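Take a look at the letters that make up each chain.
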Amino acid sequence: MAQTVKRAYKYRFHPTPGQAAELARTFGCVRLVYNKALEERTRAYRLEGRRVSFVESSAALTAWKRSGDYDFLFEVSSVPLQQALRHLQAGFANFFARRAKYPVFKSRKRSRASAEYTRSAFRWRNGTLTLAKMDGPLDIVWSRPLPEGAEPSTVTVSRDAAGRWFVSILVEEEIAPLPPVEASVGVDAGITALATLSTGEKIVNPRHERADRRKLAKAQRALARKEKGSNNRARARLKAARIHARITDRRRDHLHKVTTRLVRENQVIAVEDLTVRNMVRNHSLARAVSDASWRELRTMLEYKAAWYGRELVAVDRWFPSSKLCSECGALQGSMPLGVRMWECPCGAVHDRDVNAAKNILAAGLAERRNACGAGVRPQRGIPPGGRLAVKQEGRPVTVGIPSLQGGEDVK
């Protein structure tokens, strides 16, 4: 049965000089309002011990406009300013619910320049998009069409560090689930191979950052030699940012192709519940782990499985998938990362990654059948010749579906 989801379509566009100036002013005003509201909320909480609501922040914004010190806020649309306050309210809600850290101030140099427009602040007619305070539509590069009959509910305009302009259009779309299939697969994430499947296939890791590492290092050295505040430094920074953008775009495109294929071909996908944030603390592997982008791979699998009627199962991060024999279930001792092939006393010879993927699939299927939804770990002391046994742990393993509200382009 088809389900209605909110999906964001992201496109590049080329603004006129007037539109670029207007958007740049809007970005600056959005950042100012966000930072000033955050400052007021922090002051009220520290000095008075009270929380400031969205209604109070909105009233304060009106007062700032009328004070005479911030007359320039009248020059831009009021909707992106209100949306900035809503984003700050959501940030505090997540903080008090212990889902996120305390909100931080937006930096002019390091923060993402963006502005969000709701339905009252843009006009959508005959496939053209015109934002408030602008006299003409945006010159959008329609790399793919929007769903037929789709009416945008939110439009987010942004500019990245490489100077490229993007517009993200949020629409409601009906997505039909894929036909059911019998296949299931276990996925072991790695560095040499981006993903090793329980079928024995290894999906190559293109290592996009390594491919452009010398070019990036040269651009960064040139940037370091330029005088701060000079035009030459601005041009050198832009050159380095474009190399970073190329790496990011190629990596994301490859991950979309891999995850789409896995979701189409398998009904159940079992993965490890990796803690990438802790893994990158290893300075020897941090660069390679970041380049592999396991977290983004997992996120794509999550929402695509939810859209297309597939099931994604996360196996407990402490599950010793590499040290278990997938044939007899015997648990080996220590196994350094340098050991890529090993032989079990039962006579089975294993490729480390393929064996791990098979064990992840077995544990994932057992997890799927577990009515309590508990974590899965092997029982110690498995008798020779015994099959893989699992037990329930106190910590449940859950798979969340990320919100697509105002999100990036998804495929």
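Note that the structure is predicted; figures quoted are calculated from it, not measured.

A. How the structure looks around the confidence of the model for the protein. With 90% of its residues at a pLDDT of 70 or more, the protein has an overall mean of 86. For the stretch residues 375-411, pLDDT sits under 50, and the model shows 98 contacts to residues farther than four places along the chain or on other chains.

B. View of helix α5 (residues 213-225). If you check α5, its first and last C-alpha atoms are 19 Å apart, about what 13 residues at 1.5 Å a residue would give, namely 18 Å. Along α5, the residues classified as buried are Leu-216, Ala-219 and Leu-223. Across the axial projection of α5, the buried residues extend over an arc of 65°, all falling on one side. Away from its buried face by more than 90 degrees, α5 exposes Arg-214, Lys-218, Ala-224 and Arg-225. Considering only its buried residues, α5 is in contact with α6 (231-265).

C. Representation of the sheet that holds strand β5 (residues 154-159) within the structure. One open sheet accounts for 4 strands, arranged β1-β6-β5-β2; its pairing is antiparallel. For this open sheet the edge positions go to β1 (3-12) and β2 (113-118), each flanked by a neighbour on one side alone. On average, each strand axis in the sheet is inclined to that of its neighbour by 20°, with strand direction left out of account. Looking at chain direction, β1 and strand β6 (residues 165-175) are connected through 10 bridges and run antiparallel. Bridge pairing in β6 links Gln-3 to Ile-175. The sheet contacts of helix α1 (residues 17-48) involve β2, β5 and β6, and relative to β2 the element is tilted by about 95°.

D. Representation of unusual backbone geometry within the structure. The backbone of Asn-126 sits at a positive phi, close to 50°, despite the residue not being glycine. Take Asn-126: it is sitting in the loop between β3 (122-125) and β4 (128-131).

E. Here's a closer look at the nonpolar core. Judged by nonpolar contacts, the single largest core of 40 residues is most densely connected at Leu-23, Leu-129, Leu-131, Val-157 and Val-167. Looking at which element gives the most residues to this core, the answer is α1, with 8 residues. Excluding anything up to four places from it in sequence, Leu-129 contacts Phe-122, Arg-123, Trp-124, Pro-137, Leu-138, Ile-140, Val-155 and Val-167. In this structure, Ile-175, Leu-197, Ala-292 and Leu-312 belong to the second largest nonpolar core, which totals 27 residues.

F. Region of the structure containing the pattern of salt bridges. As enumerated under the stated definition, the model contains 25 salt bridges in all. A salt bridge links Arg-340 to Asp-353; its shortest N-O distance comes to 3.0 Å. You can see Arg-340 sitting in the loop between β11 (311-315) and β12 (341-343) and its partner Asp-353 sitting in helix α10 (residues 352-369), a full 13 residues away along the chain. Its relative accessible area of 37% is what places Arg-340 among the partly exposed residues. With a relative accessible area of 15%, Asp-353 lands in the buried category.

G. Here's a closer look at the environment of Gly-127. By the element assignment, Gly-127 lies in the loop between β3 and β4. Taking C-alpha positions, Gly-127 is 9.0 Å from Leu-146, a pair spaced 19 residues apart along the chain.

Cut-offs applied
Residues numbered from 1 in each chain as written. Predicted model: local features only at pLDDT ≥ 70, side-chain atom pairs only at ≥ 80, totals over all residues. Heavy atoms only, no water. pLDDT = per-residue confidence, 0-100. Contact = heavy atoms within 4.5 Å. Helix = DSSP H or I, 4+ residues; strand = E, 2+ residues; numbered from the N terminus. Expected span 1.5 Å × (residues − 1). Buried < 20%, exposed > 50% of the residue type's maximum accessible area, 1.4 Å probe, protein only. Arc of directions from axis to C-beta. Pairing = 2+ DSSP bridges. Axes fitted to C-alpha atoms, helices over the stretch in contact; angles between N-to-C directions. Core = buried A, V, L, I, M, F, W, Y, C linked by side-chain atoms within 4.5 Å. Salt bridge = Lys/Arg side-chain N within 4 Å of Asp/Glu carboxyl O.

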